[in-house]
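# Structural features, examined
Spelled out from the first residue to the last, the chains are:
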Amino acid sequence: MKLLVVEDEALLRHHLKTRLGESGHVISAVANAEEALYQAEQFHHDLAVIDLGLPGMGGLDLIRQLRSAGKTFPILILTARGNWQDKVEGLAAGADDYVVKPFQFEELEARLHALLRRSSGFTQASIVAGPLALDLNRKQGSLDGEALNLTAFEYRILEYLMRHHQQVVAKDRLMEQLYPDDDERDPNVIEVLVGRIRRKLEGAPGRFDGFPDGFKPIETVRGLGYLFTERCR
Ligand code: CA
């Protein structure tokens, strides 16, 4: 998932970027509201973590602006201990949840995962389509109950396509899931990764009930991107 982190304290910003990156997310980390608005305008994000105490435009105004610009991704606010009014105002401005500083990283991460699950309509910690199941906590896939050997990048692409099942997902969008910087992006990499995922999912004809020709849930939509055709639940 692609997360926007807005935090003016350099050390905490660095820490958030590193830890959330290690959990498999791609992070745009910025120090102020103006940069955050620019990022949100230019790029797609799946969630934002916003510190309320920012220099210049504050976190509350940033949230209001994002919401009035039509941004619907979940927003989690970070706020200093004791500022209960901030929390209430933050939620009223359009945030979805909050974590009080200083916080345990594990708590932040658990809340982020819950928000991401809810925003994509999945309330369980797994996504299932036909014989395929993804365990969102362990970041592992299984096919007909057998563990799937997916690389970290393959897993990210598959999870993203399943979260957006029955929608065409542009290649650019998938590349954003893998590489934070434009200059590292190469559309050929996505084709190779999707090819590898398809081979891992297909199985021999007749192996999976209801899929006599093998399990082939990822369709290429010429010129547009990829479509995960099976309904996910
Ligand atoms: Ca601050």
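Now for a look at the structure at hand. These figures come from a predicted structure and were not determined experimentally.

## Concerning the nonpolar core
With 50 residues, the main nonpolar core has Leu108, Leu132, Ile157, Leu158, Met162 and Phe228 as its most contacted residues. In terms of residue count, the dominant contributor to this core is helix α6 (residues 152-163) (6 residues). Setting aside residues up to four positions removed in sequence, Ile157 forms contacts with Leu174, Leu178, Ile190, Leu193, Val194 and Ile197. Ranked by size, the runner-up nonpolar core spans 20 residues in total, among them Val6, Leu54, Met57 and Leu60.

## Topic: the pairing of strand β2 (residues 26-30)
For a regular strand, the rule is simple: side chains alternate between the two faces of the sheet. By the criterion of burial, β2 is predominantly enclosed, with 4 of the 5 residues buried. Pairing analysis gives 5 bridges linking strand β1 (residues 2-6) to β2, with the strands arranged parallel. Bridge pairing in β2 places Val5 opposite Ala29. Handedness of the crossover is the feature at issue here: the chain leaves β1, passes through helix α1 (residues 10-22), returns alongside β2, and the resulting connection is right-handed.

## A word on unusual backbone geometry
Negative phi is the rule for most residues except glycine; trans is the rule for most peptide bonds. Cis geometry marks the peptide bond from Lys101 to Pro102, where omega comes out at -5°. Counting through the fold element by element, Pro102 comes out in the loop between β5 (97-101) and α5 (105-119). Unusually for a residue other than glycine, Asp144 sits at a positive phi of about 55°. Positionally, Asp144 belongs in the loop between β8 (140-143) and β9 (146-148). For Asp144, a relative accessible area of 47% puts it in the partly exposed group.

Basis of the calculations
- Residues numbered from 1 in each chain as written.
- Predicted model: local features only at pLDDT ≥ 70, side-chain atom pairs only at ≥ 80, totals over all residues.
- Heavy atoms only, no water.
- Core = buried A, V, L, I, M, F, W, Y, C linked by side-chain atoms within 4.5 Å.
- Buried < 20%, exposed > 50% of the residue type's maximum accessible area, 1.4 Å probe, protein only.
- Helix = DSSP H or I, 4+ residues; strand = E, 2+ residues; numbered from the N terminus.
- Contact = heavy atoms within 4.5 Å.
- Pairing = 2+ DSSP bridges.
- Right-handed = clockwise from strand over helix to strand, strands pointing away.

Structural measurements only, silent on function.
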